[in-house]
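Structure assessment
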Amino acid sequence: MQRSEIEKQEASILFRDKPYKIMSKKEKNISGLEKKIKIELDNFTRELETVKNLIELDNLRTKYIGKKSFLIKTLKNIGNLPDDIKPIAGKKSNTVRKKIESDILIKEKIFKNIEYENKLRKEIIDMSLPGRSTAAGRKNIISQVVEEIEEIFIGMGFEIAEGPEVETDYYNFEALNTPSGHPARSLHDTFFISENILLRTHTSPVQIRYMESHKPPLLIIVPGKVYRRDYDVSHTPMFTQIEGLVVDKCINFSNLKWTLETFVHEIFGKDRKVRFRPHYFPFTEPSAEVDVSCNICGGKGCRVCSGSGWLEILGAGMVDPNLYSFVGYNPEEVSGFAFGMGIERICMLKYGINDLRLFFENDLRFISQF
Amino acid sequence: MKVTLNWIGEFLGAERLEPENIASVLTMSGTEVKKVEYISDKYKNIIIGRLVDFSPHPDSDKLSLCEVDIGSSKLNIVCGAKNFKKEDRVAVALPGAKVKDITIRKNKIRGQISEGMMCSEMELGLSSESEGIMILSSNCEIGDSFSKSVGLDDVVLELEITPNRPDCLSVMGIAREISALIGADFVVPEYDLQKRLNIDSKFKIEIEDYDLCPRYSAKLFRNIPNIKSPQWLKNRLILCDVRPINLIVDLTNYVMLETGQPLHAFDKDMLYSNKIIVRRAGKGENIITIDDSIRILDDDALVIADEDKAVAIAGIMGGKDTEISENTKNVLLESANFYGPSIMRTSKKIGLRSEASNRFEKKIDPMLTVFAIRRFEDLLGKVANFKTEECIYDNFKKVERERKINLRVGKVGQVLGKDIDAGLISDILTNLKISNRIKDNIIEATVPSFRYEDLQREIDLIEEVARIYGYDRLDSIPIPASDRRGKYSLYQKTIKDIRQALCDMGLVEVINYSFISAESLKKFKINLEDRYKNNVKILNPINEDFKLLRPTLLPALMKNIKDNINHNIKDIGIFEISKVFKKNSSGKLPFEINTLGMMLTGKAVQKGWNEKERSFDFYDLKGILDFICKRYYPSGSLKIKEKQYRFFHPRVSGTVNIEDLEVGIIGKIHPVIIEETEIVQDAYYMELDMDKFINNIKETKKYKFIPAFPSIDIDLAIVVDNKIKSEDIVNEIKESGTELLKKIRLFDIYRGEQIEKDKKSMAYSLNFRDDTRTLKDTEIEIIVNRILENLGKKFNARIRE
């Protein structure tokens, strides 16, 4: 039988108009019992309305469905009823009992909620008090910017290569088209460890090392510390560079432009203009310097950009074919581009820092700003 | 390098040079213009006046009252100088003019009105000293602007010349470059360079090594008139930052600035004989140069000598003895070409750079020597009305200075990513004075002598085409797709993650110089530790602080905490990930070890409304160590082995070991060092070899079944001697606990009244579990009893009642 039909049947039993006599002397028939149960339910429903708290509710529970209540007693004695009315009486009493139970439970939930609410209202804390302290750690600004740049290039398919900070003259100069006596050497004031061993003056030696041990296609960037023998307001003897190198079958200058424009827009914002200017580096040909439009004056010219409206941020160019002969590539088969930038300068432009020395003084008041 | 626009204009067939436009085309073709300086702005409101009359100042012996005609009116000016007479033309600064950064105003001087100022050369920035006011030529037009009248109506461009363009280290070179850029004619004086060459042998030039001196040209000038340089010549030198000295020296400098060929003038009468020898210096040979310094040379250096001694360091600086003086009558003019790398080496060795050496270093064109002498003659003729038809001596080794290069038109497109028409390429080269002809998509080009060093290959010509065509006209095209895998390596990722984790734990990342002083190593007694011996030395340090490459990060971090404590930041947790260095066998690159250094000092927890103040201690540092070890070595055992380092507290000093691999050191900085450093608070330091730490990580993560059966927790408190180490107790418990014992955790240590002196109570929580069944209490009881028994035997431990 479907549940709805059972309910219908129960309802018809409860409110049957013709009395059906059995059971006790007083209430021998089923209609008497029905009446009595109906009265119990009516009484309960009326009293439930007046209940004010959980204790009263508990009393009500005892009164109507407690051990000594009419309903429970009726249910207990059901076995003594004649067989023909037994199922009807049982069903009926049980239905009412369940109804009372569920009404009480609903009421009980309401009272409990009110009680909780009243209790919790008294549990006052001052939410304006400071939270329990956790120490504020901070990545160094240089690491932050290096990682930001790494992620931009990783997104373009680059890998990250590294190399030694102490280098041979060969990798730092000679294999980069800068043999002894080359005029470009005087631009790099070098720290020497011995006649042929030095602190690398740029991250470019990694270009050679990487090409020696890898075949094209290759797309790498190389972050790292570099050293020059210069120490004044605008020079520190150690600073940070990121080098880039792309070599494949048909890489051209337009690819270089796209790559660096994309990079500049990612790191400085899409609204900044990028300018490529011819320049000279011994290991790229053609070479370029890359400027980004000054954000202070919007390109009109100001003190920060020395009136030019442009800020120089990158050196770049097509890999000089001579380099391929040092690493065993065929310059007629492959081509590529390389670029390099100073991280401290990028940081200074990005955050408006005006003193290079701050980067290595490790004043926590500085580091913690970024 | 500085050049003036008027000077450049002398070599260009263009009517007018717009300064901003010239600056822009130069910058965008590779000669960066750093600054454009309008000289006439400096002389605003300074005009030519005529001294009408003057009389003594009534209240001063030194001052005069002058009446000056400036064309439109007559001014009264009080003047302190005496070197003038009536009708003199003078430079008058009117009210509003700026002289030496002071704005001139109309005012009263000792009661007399002064409506301006008559300026001296020094005040006008034309010399470093002067006596009296500047008296100008009577040709000067009254009322004209001063700058126009004396040729200072000019614009100075400050240029950055790249090392590959020695031809641009001159006014003519820049003019030639501009002519290619704006399409104007390049106009040079035409001299017959073969005329009068070696027509007599009265003077001899001997070159010992043509590799070091490919060419030496010279000329004798006899009875040069002793006159001063004209103002226009001095002005141009001044605008280009060269100090005027005397006519001969000024002319050599002028010709050098103009042509790029350094000249040197000797006082001929001070030379020993009629012979110049270009030779290497003898070892230890010395010479006093014109800057009054004694220069000691070695046999690497090239000198110009007479038959007695060296009279100049070739290409760098002349000698004092043969310097041009006021009394010089006869001059030997040298115009030579020296080998760049040799000049560079010597100039570096003796620490002397000059305008000349800077040019020679970049390898200038040997074809310039005779041209420069002719230019000098020409100018001397104009300035001093001095004519000479004497011999020009010229000694050289014949060298090839013309180069043919084939440029494939297709290759240009390949390199630049844009096809450029052959005709356009040809025009660009022609404008650059590179003669060429197109033949079957190949351009046969002939590079002239002045670009010989720079343009050697096809790619060099492609660069020329690109920079003149304009980088801004080239396209922007994505890199063609190929085999790309953009990602961090495991090593790089681990470093990045550790850095992030340490920051998340509240540490601040510092970055210090890689250098350290020997003094600093000594101060921390690092030099006495074998671990840190064999330091890498810098041969040419900036100073003592930068003498060595650091073998440890400790001193730098100590300095960081001290500096910050001085700024009143006292609670510090810092770390650095950098390389440390160790000497390798000779000839090899040093070892570079990527190292994590970490230092804690001050308070771990500040006193707060709900927190108790607590200082950092050893276990804070070890906690961080535990954390990173557990992350990368989830099942590896971390062990601190006691080992004494002199910079650590003798009892809080050890090595960090993971699975028997030593990866670092940890400890408390020795209180004596703390005291000597004047820090007055404890500091804890740890150093990990990141290479070892990361390269030993084994990726062995594998899924294990989540336990299906309940575990049993037993708390066990034992009393042992104070000296007993927790680690030993734990090991013993592990051993006796069978494989059912899954976890041990120390949760309390107690020392105090309830137990004997010199003893401690250690409370451990033990967790037992079997993956295949539910454990019975009784079997655990047996195991625990055995543990207790063994602890008793081994450590004399007893259960705490």
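Residues numbered from 1 in each chain as written. Chains lettered and ligands numbered in written order. Predicted model: local features only at pLDDT ≥ 70, side-chain atom pairs only at ≥ 80, totals over all residues. Heavy atoms only, no water.

Focus on the packing of helix H7 (residues 247-259) of chain B against helix H10 (residues 368-384) of chain B
Residue and element names in this part refer to chain B. One can describe the packing of H7 onto H10 by two numbers: an axis separation of 10 Å at closest approach and a directional angle of 130°. One finds that H7 runs oblique with respect to H10. The hand of the H7/H10 crossing is right-handed. Listed contacts from H10 to Leu 247, Ile 248, Leu 251, Thr 252, Tyr 254, Val 255, Glu 258 and Thr 259 of H7 are Leu 368, Phe 371, Ala 372, Arg 375, Phe 376, Leu 379, Leu 380, Val 383 and Ala 384. For the contact of H7 with H10, the class distribution of residues is 13 nonpolar, 2 polar and 2 charged. (Axes fitted to C-alpha atoms, helices over the stretch in contact; angles between N-to-C directions. Helix = DSSP H or I, 4+ residues; strand = E, 2+ residues; numbered from the N terminus. Parallel < 35°, antiparallel > 145°, perpendicular 65-115°, else oblique. Left-handed = near helix turned anticlockwise from the far one by under 90°. Contact = heavy atoms within 4.5 Å. Nonpolar A, V, L, I, M, F, W, Y, C, P; charged D, E, K, R; others polar.)

Examining the pairing of strand S42 (residues 759-768) of chain B
Residues and elements named next belong to chain B. Among the 10 residues that make up S42, 10 are buried, leaving the element largely enclosed by the rest of the structure. Looking at chain direction, strand S40 (residues 712-721) and S42 are connected through 10 bridges and run antiparallel. For Asp 713, the partnering residue across the bridge sits in S42 and is Asn 767. By the bridge criterion, 8 bridges tie strand S41 (residues 741-750) to S42 in an arrangement that is antiparallel. Residue pairing for S42: Leu 746 is matched across the bridge by Tyr 764. (Buried < 20%, exposed > 50% of the residue type's maximum accessible area, 1.4 Å probe, protein only. Pairing = 2+ DSSP bridges.)

Here's the deal with helix H20 (residues 726-736) of chain B
All names here are of chain B. Taken residue by residue, H20 has Ile 729, Val 730, Glu 732, Ile 733 and Ser 736 as its buried positions. Around the axis of H20, the buried residues are gathered within 165° of arc, so they sit on the same side. Seen from the open side of H20, the exposed residues pointing more than 90 degrees away from its buried face are Lys 734 and Glu 735. Lining the buried residues of H20 we find S40, S41, S42 and helix H21 (777-795). In the segment just after H20, Thr 738 is the residue with positive phi, at about 60°. (Arc of directions from axis to C-beta.)

Some remarks on the layout of surface pockets
Unfilled space is identified by rolling a water-sized probe across the atoms. Residues and elements named next belong to chain B. Here the second largest pocket defines a volume of roughly 2,000 Å³. Lining the second largest pocket we find 43 residues, and of these Lys 622, Leu 638, Ser 726, Glu 727 and Val 730 sit closest to its centre. When residues of the lining of the second largest pocket are traced back to their parent elements, those giving at least two are helix H17 (618-632), strand S36 (638-642), strand S37 (648-658), H20, S41 and S42. Of the residues in the lining of the second largest pocket, the class split is 17 nonpolar, 10 polar and 16 charged. When residues are assigned to domains, the lining of the second largest pocket turns out to be shared by domain 5 (490-695) and domain 6 (712-799), each giving three or more. (1 Å grid on protein atoms, 1.4 Å probe; cavity = no way out; pocket = protein on both sides within 12 Å on 5 of 7 lines; lining within 4 Å. Points joined across faces, edges and corners; volume = space filled by probe spheres on them. Domains from an automatic or database assignment.)

Interpretation note: all reported values are geometric properties and have no functional meaning in isolation.
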